[in-house]
Every structure is written in C-alpha cells, then in structure tokens.
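Breakdown of the fold
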Amino acid sequence: MPRSKETDELIFFVNGRKVIEKNADPEVNLLFYLRKTLQLTGTKDSCGGGNCGACTVMISRYDPISKKISHFSVAACLVPICSLYGAAITTVEGIGNTKTRIHPVQERIAKGHGTQCGFCTPGMVMSIYTLLRNHPQPSTEQLMESLSGNLCRCTGYRPIVESGKSFISSSSCCQMNEKGRCCLDQKENKPENKSNVCAKLYEKEEFQPLDPTQELIFPPELMRMLENPQKKILTFHGERITWIIPGTLRDLLELKTEYPNAPLVMGNTALGPDMKFKGVFYPIIISPARISELLTISKTKEGLTLGAGLSLAQVKNILADVVTKLPEEKTQTYRALLKHLRTLAGQQIRNMASLGGHIVSRQPISDLNPILGVGKCILNVASKEGAQQIPLNDHFLSGATNASLKPEHVLVSIFIPVSEKWEFVSAFRQAPCQQNALAVVNTGMRVLFKADTTTIVDLNILYGGLGPTTVSANKSCRQLIGRCWDEGMLNDACRLVLEEIAPPQSAPGGMVAYRRTLAISFFFKFYLDVLQQLRMRDPRGYPGLSKTLISVLEDFPLAIPQGMQSFECVDPQQPPHDPVGRPIMHQSGIKHATGEAIFCDDMPVLAEELFLAVVTSTRPHARIISIDASEALALPGVADVITAQDVPGNNGSEEERLYAQDEVICVGQIVCAVAADSYAHAKQAAKKVKIVYQDLEPVIVTIQDAIQHKSFIGPEKKLEQGNVEEAFQCVDQIIEGEVHFGGQEHFYMETQSVRVVPKKEDKEIDIYVSSQDAAFTQDMVACTLGIPKNRINCHVKRVGGAFGGKTSKSGLLAAVAAVAAHKTGCPVRFVLERGDDMLITGGRHPLLGKYKIGFMNNGKIKAADIEYHINGGCTPDDSELVIEYALLKMENAYKIPNLRVRGRACKTNLPSNTAFRGFGFPQGAFVTETWMTAVASKCHLPPETVRELNMYKTIDKTIHKQEFDPKNLIKCWHKCMENSSYSSRRKAVEEFNQQSFWKKRGISIIPMKFSVGFPKTFYYQAAALVHIYTDGSVLVAHGGVELGQGINTKMIQVASRELQLPMSYIHLGEMNTMTVPNTIATAASSGADVNGKAVQNACQTLMKRLEPIVSQNPNGTWEEWVNEAFTQSISLSATGYFRGYEVHMDWEKGEGDIYPYFVFGAACSEVEIDCLTGAHKNIRTDIVMDASFSINPAVDIGQIEGAFVQGLGLYTLEELKYSPEGVLYTRGPKQYKIPSVTDIPEEFHVSLLTTTQNPKAIYSSKGLGESGMFLGSSVFFAIADAVAAARKERGLAPLLTMNSPATPEQIRMACVDQFTELVPQIDSEGCKPWSIPVA
Ligand SMILES: Cc1cc2nc3c(=O)[nH]c(=O)nc-3n(C[C@H](O)[C@H](O)[C@H](O)COP(=O)(O)OP(=O)(O)OC[C@H]3O[C@@H](n4cnc5c(N)ncnc54)[C@H](O)[C@@H]3O)c2cc1C
Ligand code: FES
Ligand code: FES
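Attention in this report is confined to the structure presented alongside it. (Residues numbered from 1 in each chain as written. Chains lettered and ligands numbered in written order. Predicted model: local features only at pLDDT ≥ 70, side-chain atom pairs only at ≥ 80, totals over all residues. Heavy atoms only, no water.)

**Focus on the overall build of the protein chain**
Within the protein chain, the regular secondary structure consists of 40 helices and 45 strands. Over its C-alpha trace the protein chain gives a radius of gyration of 31 Å, about what one expects of a compact globule, namely 34 Å for 1335 residues. In terms of principal-axis extent, the alpha carbons of the protein chain reach across some 95 × 80 × 70 Å. Once local pairs closer than 6 in sequence are excluded, the contacts in the protein chain between residues at least 24 apart make up 78%. For the protein chain, the computed accessible surface area is about 47,900 Å², with 51% contributed by carbon and sulfur atoms. Of the side-chain charges in the protein chain, 136 are positive and 141 negative, and the distance between the mean point of each set is 3 Å. (Helix = DSSP H or I, 4+ residues; strand = E, 2+ residues; numbered from the N terminus. Rg over C-alpha atoms; globule rule 2.2 N^0.38 Å. Contact = heavy atoms within 4.5 Å. Areas by Shrake-Rupley, 256 points an atom, 1.4 Å probe, with all protein chains shown as cover. Lys, Arg positive; Asp, Glu negative; His and termini not counted. Charge placed at Lys NZ, Arg CZ, Asp CG, Glu CD.)

**Here we look at the site of ligand 1**
With respect to spatial proximity, 33 residues lie near ligand 1, and among them Met 266, Thr 269, Leu 271, Ser 354 and Asp 367 are the closest. Contact between ligand 1 and Gly 267: an oxygen atom at 2.9 Å from a main-chain N or O atom of the residue. Between His 358 and ligand 1, the recorded distance is 2.9 Å, taken from a side-chain N or O atom to an oxygen atom. Bound to the protein, ligand 1 loses 93% of the 990 Å² it would expose on its own. For the shell around ligand 1, the secondary structure elements donating two or more residues are helix H13 (355-361) and strand E14 (410-417). No other element matches the 5 residues that H13 contributes to the shell around ligand 1. Among the residues making up the shell around ligand 1, the classes are represented as 18 nonpolar, 13 polar and 2 charged. (Near = heavy atom within 4 Å. Polar contact = N/O pair within 3.5 Å; in protein donor to acceptor, adjacent residues only side chain to side chain. Nonpolar A, V, L, I, M, F, W, Y, C, P; charged D, E, K, R; others polar.)

**Comments concerning a negative patch on the surface**
Residues Glu 963, Asp 965, Glu 1151 and Asp 1153 make up a contiguous surface patch of negative charge. Along the polypeptide, Asp 965 turns up in the loop between strand E36 (963-964) and helix H31 (967-979). (Patch = residues over 30% accessible without salt bridge, like charges linked within 9 Å, V, L, I, M, F, W, Y side chains within 5 Å. Salt bridge = Lys/Arg side-chain N within 4 Å of Asp/Glu carboxyl O.)

**Considerations on the state of the cysteines**
Note on terminology: a disulfide is the covalent bond linking the sulfur atoms of two cysteines. Under the criterion given, the structure shown has 1 disulfide. Each sulfur in the disulfide pair Cys 198 and Cys 569 lies 2.3 Å from the other. Of note, the bridge from Cys 198 to Cys 569 carries an S-S torsion of about 125° and is right-handed in sense. Taken together, the positions of Cys 198 in strand E6 (residues 197-198) and Cys 569 in the loop between strand E19 (565-568) and helix H20 (589-594) put the pair 371 residues apart, joining distant regions of the chain. In this structure Cys 569 comes out as buried when scored by relative accessible area, which is 17%. Here Cys 666 is not disulfide-linked; the sulfur of Cys 874 is the nearest cysteine sulfur, at 3.8 Å. Between Cys 730, a free cysteine, and Cys 939, which holds the nearest cysteine sulfur, the sulfur-to-sulfur gap is 16 Å. Judged by its relative accessible area of 54%, Cys 730 falls in the exposed class. (Disulfide = S-S within 2.5 Å. Buried < 20%, exposed > 50% of the residue type's maximum accessible area, 1.4 Å probe, protein only.)

**Examining the packing of aromatic side chains**
This model, assessed by the stated rule, comprises 37 aromatic pairs. With 6.4 Å between their ring centres and 65° between their planes, Tyr 1155 and Phe 1158 make a pair best called edge-to-face. According to the relative accessible area criterion, Phe 1158 is buried, its value standing at 6%. By the ring-pair criterion, three or more aromatic residues cluster together here, those being Tyr 885, Phe 919, Tyr 952, Phe 964, Tyr 1155, Phe 1158 and Phe 1160. Sitting over the face of the ring of Phe 396, Arg 362 holds its NZ or CZ atom 4.3 Å from the ring centroid. Of note, Lys 999 hangs over the ring of Phe 556, and the distance from its end group to the ring centre comes to 5.5 Å. (Phe/Tyr/Trp six-rings, centres within 6.5 Å; stacked < 30°, edge-to-face > 60°. Lys NZ or Arg CZ within 6 Å of the ring centre and 35° of its normal.)

**Quick word on the sheet that holds strand E24 (residues 670-676)**
Here we have 8 strands laid out as an open sheet, ordered E22-E24-E20-E31-E28-E29-E30-E41, and mixed in their pairing. Two strands in the sheet have a free side with no partner beyond their single neighbour: strand E22 (638-642) and strand E41 (1071-1072). Strand direction decides the pairing type here: E22 and E24, joined by 4 bridges, are antiparallel. Looking across to E24, one finds that Val 638 is bridged to Ala 676. Against the sheet, helix H26 (residues 809-824) contacts strand E20 (610-616), E22, E24, strand E28 (753-758), strand E29 (765-769) and strand E31 (828-831), and its axis sits at roughly 35° relative to E28. (Pairing = 2+ DSSP bridges. Axes fitted to C-alpha atoms, helices over the stretch in contact; angles between N-to-C directions.)

**Concerning the packing of helix H25 (residues 774-785) against H26**
Contact pair H25 / H26: the axes reach a minimum separation of 8 Å and the direction vectors enclose 40°. As summarised for this structure, H25 and H26 are arranged oblique, according to the angle between their axes. Relative to H26, H25 is oriented so that their crossing is right-handed. Contacts between H25 and H26 involve Phe 776, Thr 777, Met 780, Val 781, Thr 784 and Leu 785 from the former and Ser 810, Gly 811, Leu 812, Ala 814, Ala 815, Ala 818, Val 819 and His 822 from the latter. (Parallel < 35°, antiparallel > 145°, perpendicular 65-115°, else oblique. Left-handed = near helix turned anticlockwise from the far one by under 90°.)

**Notes on the environment of Lys 1104**
Tracing the backbone through its elements, the reader meets Lys 1104 in helix H34 (residues 1087-1112). Residue classification places Lys 1104 among the exposed positions, given a relative accessible area of 62%. Taking the C-alpha atoms as reference points, Lys 1104 and Gln 39, separated by 1065 residues in sequence, lie 46 Å from one another.

**Considerations on unusual backbone geometry**
Note that the residue after Glu 697, namely Pro 698, is joined by a cis bond; omega there is -5°. For Pro 698, the location among the structural elements is in the loop between strand E25 (690-695) and helix H23 (703-709). In this model, Ser 1300 is joined to Pro 1301 through a cis peptide bond whose omega is 5°. The backbone of Asp 662 sits at a positive phi, close to 70°, despite the residue not being glycine. Here Asp 662 shows up in the loop between E22 and strand E23 (663-664).

**Overview of the nonpolar core**
Core analysis: the biggest nonpolar cluster contains 258 residues, and Tyr 463, Trp 485, Ile 853, Ile 866, Tyr 868 and Trp 931 have the highest contact counts within it. Here this core gets 14 residues from one element, more than from any other, and that element is helix H18 (residues 512-537). Judged by nonpolar contacts, the second largest core, of 84 residues, contains Ala 24, Leu 31, Ile 81 and Leu 462. (Core = buried A, V, L, I, M, F, W, Y, C linked by side-chain atoms within 4.5 Å.)

In structure tokens, the structure reads:
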C-alpha cells in the first residue's frame, strides 16, 4: 500500500485561523498545542484525564457526504492533534475578548457571579457556548447535560447554572418544579418584602441578547479540502509514534494486517488515559476517523445497526429517537442503554467516546457492555480475510482469547436487536454521585418468558464492578430457567448470585460487602421492574405493585438547581458611586470568562526555561541506599537531576525536608527532580531514575497505629471548664462512642504551580507562584539558597483556588524549583500534574473523635469528656495549630457547663496534612453535632430540640473564656427555622417516611458559631501601598492574595469609598513582596478585613494630604486636585498599615480572647435516600448567615455557597483511599469525586441577616471565607435522620454515630434489610484489605 515516509501536513483551523503543522507529533494533545504552541492559554489544564472540563473547547466538523456541520464540546487534554485533520476548533479566545466584543455567554457568567478563581470558567463558557451553537433555545435538561462534565471547586455551581438558565426561554422549561411551575420563575421565592432586603445580585436587563449570526462560520476552505481530499492516506511521524489515517475501509484493513498491534484510536478516552497514566506505549496508531462505514446507521425490523465510530452522544440521540417510534416492548434494550447514556461520563466524553471504542476496550466498569451483552448484540467485524460476526456475550466481555477480536480485526458496526414481546431488559448502576462518576456496580439484566406466562425461558445477568472484567451470573441464570417470576425465584436468585459472584475481601476497589449487596439489590429492582411492566401491559392479568414497591423503581430525577439570595440593601442615602455594600462583579470576572486572566502556567516560556518533574518515594518509611540517575541523564533534553546534595542552603528543616535526605518518611515524598527542556522529557527521564531503598520499621499509617507507637506531633492540648467528673455523677444518662472523620483533598482547580526565574545580577530571583503566602515562599527560597530575602521578589497575580492548600506547600515546592534553577542557572517551571499534586501535598486532617456525654432525660447536656486525634502525616506543618483550633472551636453553638476536651496530632507515614478551609472546625464541630444527635436519639427527642436547649442564650463565655453575645446566633437559628418552614417540612418528611419503605427523607438544622482568624496578634498585621498618578489614576497594592475569594474587588471598593472616586479610576495589579513586604498568609477568613484596613489607612493618609487643596478649590476635579498636589510637591504615594486585632491565648490556663469576632449561621437541609442503593438526593438547603454589613454581597454569598458545597463534598462524597501501606489510591477526579453540578441542592437559598453590626471589622463587615464549609454538615445529619427513619421502620436500634463522609456505601449498609443480611459478614482474618481508613 503506498504510504508516505514523509510526514504529512496537518491542517486544521483554530478560531477561524488556518493552522498548518508540518511536524505534527501524535503524542501532542490539543490542550498542549493550544497552550504552548499557539499561546492560547485561555483553555486550562487541571486533570489531564478528561474528568474536569477545564480544557473544554468546541470542535466543528464538516461531513462532505451529508454536507452537514456538527459542533461538539471535547476535553482538549484527550484530543491528539493528529485527530484534528480538517476540523475547526473554537476556544474561549475565539468567541470574544475585552478588546473586541465579549460573547453573551462570557458576559452572563461574569456578571452573574459564576466565577470566583476563574480557573474553571473558560471550560464552563465553552460548554454553554457549544450548547447554544447547537440549541440557541436550550431546555433545562440540555443545559444540565452540557455542564455535566465541568467541575468547579469555588462557586457551588448555582450562579453558573443561573447564567446558563438566562438563555432558556420559559417555553422550553422542564416544568419540573412543584405544581408544574417553571423553574425559571422565581416569583414564589422572593424574600419577604422588606425595604432593606435586596434579592438582586445582578441586572439581567443589562445582558446582551444572543445573536447566533455573529458566530464564527465553518471555514469554507476546510469544506473544499474535505470534499476533494488530495491524499488517500495521511501519515504523521512524531518523535516516537507514527499516526496513520487511512481513507477507505480497505486501506484500514490492510493497515491492520500490517500492524495488528496498532490500536485504532477513536475518541482516545480509553487509549489516551492508558498511555498517559499507565505508561502503555504504541509506536504505530491508526485513526479510522475518515471511514464512512464506521458511521453507518441502519434500521430494520430486526433491530438497529450502529457504526462503531459513532460517538456515545450520537448513539444517545439515535436511541432517543428510536424509542419514540417503536412500541415499548421492542425497545427494552434501547431504553436500558439510553438510561445509562444519560449519566455516563460528562458531555465532553460522550461526544468523544465511540461505541466501538467503548465495546472493544472492555473496561471492567463499562456501563454499556453489560446491557449490550444481555441484549444479544452482534459485533460486525472485518479483516482483510473478510467480514465476520461475533456475539457480544459474556465470553467476549470476559476478554477470553478465543472469543476476542483478533488483533487484525476492525469492529465495523454493532447490531442491537429489538426486544421480543416477552423479553424484558433493565439496567442499573450506582456510583459515588449521580453524574460523571464511574459506577461502583452496574448491571444489565434480561429475562425472556414463555409466551403469556412468567415462566423463565432465558435469563442473563452481567455485572460491572464485581471483577476485573464484566462478569456474568451465568450459572445462577441457568438454574433459574423454568422458574416462575415470583418471590421464591427472587430469593433463590439472590442466594445463587451471591454464591456465584464472590470477589475476595481484598478485591481492588474494596467495598466488597456493599458491592455484593448492590448485586442482589439490583436483581430485586429488576424483579419489580418486570412485574411493573407486565402489569402495565396487562393490568388485569398481573397484580399491581404497592406504592412502596413502585418507589424502588423511581430514580432520583436530574433536576436543575434554583435558589434565592437575599441581603441587606445599601442605605438609600449612600452616593451611587460608592460601591461598598453593592454586589459588584469580581474584578477579573470578564477576563476569567474570556480566558485573558493569566495564571502562573499561562506565562510564556522564557529562553532556556527548563521544566521540572519530580521522583517521589514509593516507600512509606525507608532508608535511601542509592539514587542512580545515569539513565535519566542520558535521555534527550535532560539538563540535570537535582537531589538533596544540590541544596546550597538549608534543605528544609530536620522535620520537613525539601528533597529526601538519607531516608523517606511517606509515599509521595520528593526524592529528586529532573530538569529538562520540556515537561514530557523531564517526565520520561524521571521514570528512569533508579532508587534503592531499605525498608524501615515502623510503618505508621492510621491514628490507631500512631497512638500505639506514641508517635505524636507536639504535646497534648487540653481545655476544661466546670467539674466534669462531678457532673457525670448527677446525670440521668451517659453515652460513650467514637466517630471517624475522613480527610479531604483541596482539589483547587489550578494545581500547584511555580516559575523561578534567576536574574543575571546580584543573585536576584523572580518567583511567580500560585500561593496564599508569598512571604513564606520568599522565606523558604531564601533559606534554601542561602541568600537574603531582599534579592527575591515573589509575584502572585492570582491563584486558581487554594482553600488552605497553597499556604505552606507552595513555599516548599517553590524552594524545590529554586534549587533546580540555582543548579542549572536557568528559569525553571514546576507545575504539578493532578496525580502528583494529590499524592504529594496532603489535605485536610482525618480525625478520630471519642466522646463521653452525660445528660438529663430532657436533653440538657451537663457533662462532656471529649478526645480528638488527628492524622497529621509525616511532618508537623500546621497540625499542632489544627488540633488547637479543633479544641477551641469544638463547642460550636453550645454551652456545656462541664466540658473537657483533649487533643493531639499524630505523626504517621502519610503525606503531611495541612491547612484546609475551616482549619479543624469542620472536623471538631462535626463530632459535637454527632453526640448532640446521639443524645436526642437517647432522649427520644427531635435533634433540633436538643440543639436549641443546649445553645448559648445570653452573653456568656466560650470554653476558652472569651466573652461573646449569642444574639445573632439565635437570630440565625430562628430565621433559618422560619425560612425553611422547618416545622411543616419536618411533618411532611415524617408523612413521606410513613408512606415509603425504600426511600426515606431526612431533615436537619444545624447552628454555627465560627470564630474567625489567627491565634496571634501579629498574624493580623497587614500593609498596603497606594499611588495616585498625575493623570488621576490610582494603583492599589496590598498584602492579600486573590484566590478567587474576591479580595481585590473588595479592596477596590474600599479605595473607591475612601478616595471618593469611581472604581474605574482604581487599578489593582499583582501582589508581590517588593511592593508590600513581610505579608501574612491570606487565610483564616481575615484577608479582606485586615488588608481592607491597610488600604483604608493608606487612602485616608492621601486624602488628608489632599484636604487643603480640595478645600481651596471645592469645585475642582479629582485630576485638578492631584495635579495641584504634585505641583505643590505633596507626595501622592502612601503606605497603609493595620497592626492587627489584639488577641491572646494562654494554653496553660486554657483561656484567652483569641478571636476578634464570631460569624454565626444556621443551615437546614433536606435529603432523600434510596435505602436499596445508598444513593441520596439533596432536595433543599436554606442558609442564614450573619455577615453583618457585607462589603460585597455577591462575593460573600458566593463564598457561603461555594464553601457549603465544598462542605457537602467533605461530609457526603469525598473519600480518600489508602492502601494498608499508606499509598494514596485516589489521585485524580476519576477516583476522587468532588461535587458536580447535579450534587447541589435542588433548591438552594442563602440569606444574610440584616441590621447587624460588627464594629471590629472594616465597615462593620465579617470575614466569610470559611464558615459555610461546616454548614455542609447539615446534609450529613439530614442523611443520618433519613437513615434513622429507615432503621426504626426495620426494627433496628438507632445508629448513634455515622462516620464521615456519608457515602452511598455507608447509607446502604446502615439500612439493613433482607439483602444486606444475605451477604456474608466479612471475615477479615488473614486477609489484607485493599484499603484502610486512616482516621
Ligand atoms: C473522564 C471519563 C469518564 C468516563 N466515564 C465512564 C462512565 O461513567 N461509564 C462508562 O461506562 N465508561 C466511562 N468512561 C469510559 C469510556 O466510555 C470509554 O473510554 C470510551 O467509551 C472508549 O471509547 P473511545 O472511542 O474513546 O476509545 P479509544 O480510546 O479510541 O479506543 C479504545 C480501544 O478500542 C479499540 N478500538 C476502538 N475502535 C475500534 C474498532 N472500531 N475496532 C477495533 N478496535 C477498536 C482501540 O484499538 C483501543 O484499544 C469514561 C472515560 C473517561 C475518560
Ligand atoms: S484538563 Fe482536560 S478534562 Fe481536566
Ligand atoms: S471559579 Fe470554578 S474552580 Fe474556581
């Protein structure tokens, strides 16, 4: 076959411009190409594996046969550039920018406050943009679908959805809301009509209309090129891989004969991650994208034949159409497929992944293969030898060699037969969350009855998630043939299936008992589903299912979230140009939405810049015997390998090394680093570094291990009030228990990133870093290199989310990079891949809480003795502070007269845990709410009654003897009760639960007293620098970092008020250590408070200087006054300073006024759980927060919503999994699920308390960055409430504690029933579990 030895030109268009790539490398993906070759850095890199949507772009293709153009969103990180021949790509830069015009999608997401850090925003914009290109008037379902593959860690999604909703006309609304009301109509949600309450965070009326005629057209040149292809076969030769695109099926089959081991790349969503993350390598790749036979669709009366190259999104559309046209009995398999296609992955992956790729890759947890398998589908395959048909059955799916495709085979199409009259097919899946998550277990089930009977003629069951491949319950099915579809058969089926499918206790993925329970719970669903269908077909012939049983079959609908936000209006007398108190858009909002906002890794590469990849320890505790870098150094592009020996100054501290020195103390510790001319080269070389270890004892992984080995960080801390022992003597009841609280990954969308740029003179260095603490970074680099701080300028323009994780860790990573820059003399870029970031940097501390509580029968708690241990990991970091905070804040809103709490941080061989939003409070107060709930249960009282009874009521002192007034706490509580209609909804929940056995609802209201700030006065100091230029423009710099929390927006508001100038005069550039030295970390909810005071101080100094000039010329303009000041030699530059709040703490005495003020709040959440699967749905949340007078209600409400959703993730979803040796398994969004758009409450209301004061903080505001996190626990306790209802009905004792997070596994296993009881108890004796809890 004639094929070019030369590489062909790769031609495609990006944003209307032609790209001709003469040296296309098959290993380069579109994301890299856009960012690094075309410098289009608007498209972001966050996970690199198709799971987060940050890299979403739109691809448009033209089909020369049908002459149709299609547009679809894709994850650019999984698109090889060689697959783009003839495609037109649109990126966020291509749809609008601040220089020409911004697109309505960009405008609405920014003005609707749908962006905070902005890192996810371009991806969100492109998902909505693509939707609108296909459906200018989308439905709510289409909107939710379009966002299903996009993650945001900051906003909590509500404002993003709302921006998208603004394009939906009410005629295309789902009408899904209560009483068939339109979800776009918020009339009924308006807050009570009070003159000082506002509910509008933006002006919808300002939005530009969508004008589809303004969009880029498909390039006519590409159409011509595709209609008259010049070459039959295209070949691209890369550094290591050759990519071949045949033009005809014949060519393809020939190529497959010539290169049988070459994969056929379609969507690259299976192959791409394998090559990237598992090191799979193929020197030749064949792309059948141009083969029209792979795209055929044919419908006959026997069934559907679908081309293997059709995308899953196309398959979904085809099936959706077919099921409307055929009688239901014929479409059993189609409906089952359709059901799973709605939740499989996100929209981008569904657009990319092909049906053929899905089938052939035979992933163990494939959603479609079990259905296709039971549906008796046939694979039409071809090779040079001819065509062949292979049944898609359990044999094929098990990967059996004699049934598999031969290497030279090409799957051309799949035949999916229509179902027969007496045939029923169902599919079920359960995943950690509703959408964009791989299933834990899924299944396809089919039964064929003898006509007019329910006698089983044929039965097939295939499961995913119960073995290394899709597994079949063949033996069980055979034994059930001839049986009637009745309860006896159901019971036997469950027993047989459990006998046949019994993964070992150590099976990868763990959760063995849960998985097995799901296997039979799904069969129960199938059993009912079939009965229900029989009944529907013949109501007289078959008995109806009771309402209770019908509920088993009802899946939670994917509803569009909606909500209402209310806050205090500004005083009507406030001048219109004074922005304080108004919901001003994020200063960088528009730039986030257009992709013009520059993050650390968006900066262009400098001459000679090197890229760093680290080699991390694979052992939890070991001596390093040798490091052999010779093979790595010999690879192309490698500049150097850096180890501890290369550190010129301090290699970190004795307790926390930068580069491991002599020994390693956790898996993931940095041992050495490779610097190379590209990241790809650095990474390839890093894999070649050989390290020899000698394992050391002990290996301490869990808190229990640490306690046993007395392995601690710092001494025990204790607080005590009253006389605990005495009080225990006089109570009615005592309970004791313990609760385990898992850790949390920060999952900031921008991974840790730093660039170190050594200058040529005087050892000066510029550091560009994504850090919350520029001064600490400067300090670390200075100590590491042994140079004074005055040579180091640390720049932070913006950070793509941090949440505490970029406080200490980014400083350490910057120092690691600085050593490489020092050794090589070159600029060094060090950007962690998501997997490395999750492995290396630690997260929230897991906690083990033990409690002994003494209380009266009326629920009044008299005594509590509490003990906390946290898992600090292998270095001290902030662990001592975290345990202190957990103790100081543990009482939450409650006055416990006799209370003792002790706590200690454990040192283990896990990566070092660190600061995380809430800093100990979300863990410590969770334990408190656990025993509050337990007391209520013991007293047979509603939990809210016990909570209210024990709450602070009057001015009082906290456990650390700080006086405070709980008035606003009580106000929040009552307001939340009222807003949520708690009493009537509690009744409704009870009524629902009486009617429903398998679905239960739960409701919970949780109060909150959150103390803001740091433990020492000097941590609160802040400085600012304000310059006025002679043209009147103002430049503000301050010591806070813009993390997405809107600090810069608030600082501009402060300067605007103080200088009495419109905000347009004021600019805020980057933060750096040269303009504002000795800064404090932007953390602890206090950034805007303290920096606001410093900016205010600087502005007031300037205004004072201008005062004489203004009074001489009161009618002058700002520019005139400024010029006059200049001519009078008055300095127009001033620093501002804030000393900090006076705080102190004496741990010896256990007392201190440690916090400047408290934030109060309350949240009420309602959920519904599915007792049979463990799934839950967040129905509604109402939050009331005492924000005092918010400087910017849009920013503050955004913080509350975002933190709440992060908390919801913490308490119900996010689960880190470790091996018994301390190896973190969950290293990316594929395994670690953070909330996505479908996980937030369907109704989500936030209101800020009005007319409250906080004289301590600027303009009577409050810092709200962290507090909302804890309110996420209201969802946890609502789940616990629902579980309690289920257990009560089943006659089980109440569960006094549920561990956090309340995952589907926990929920299901707590709702004990006949199915859980059938599953044999785990006999862990002699069996090593796959994962262990570390709390
Ligand atoms: C982020 C993400 C989320 C996901 N979530 C889910 C989920 O929730 N549920 C689920 O079931 N799956 C999920 N998947 C898996 C996804 O469904 C598969 O990766 C996808 O269907 C594979 O199709 P592809 O076209 O991308 O295959 P490719 O990666 O292009 O190819 C895969 C394999 O199939 C072979 N192949 C492809 N086409 C042919 C052909 N015509 N003939 C012979 N061999 C062929 C190739 O040689 C290759 O070995 C997810 C994947 C990702 C990346
Ligand atoms: S970076 Fe591509 S999906 Fe996450
Ligand atoms: S704004 Fe979405 S991740 Fe930060």
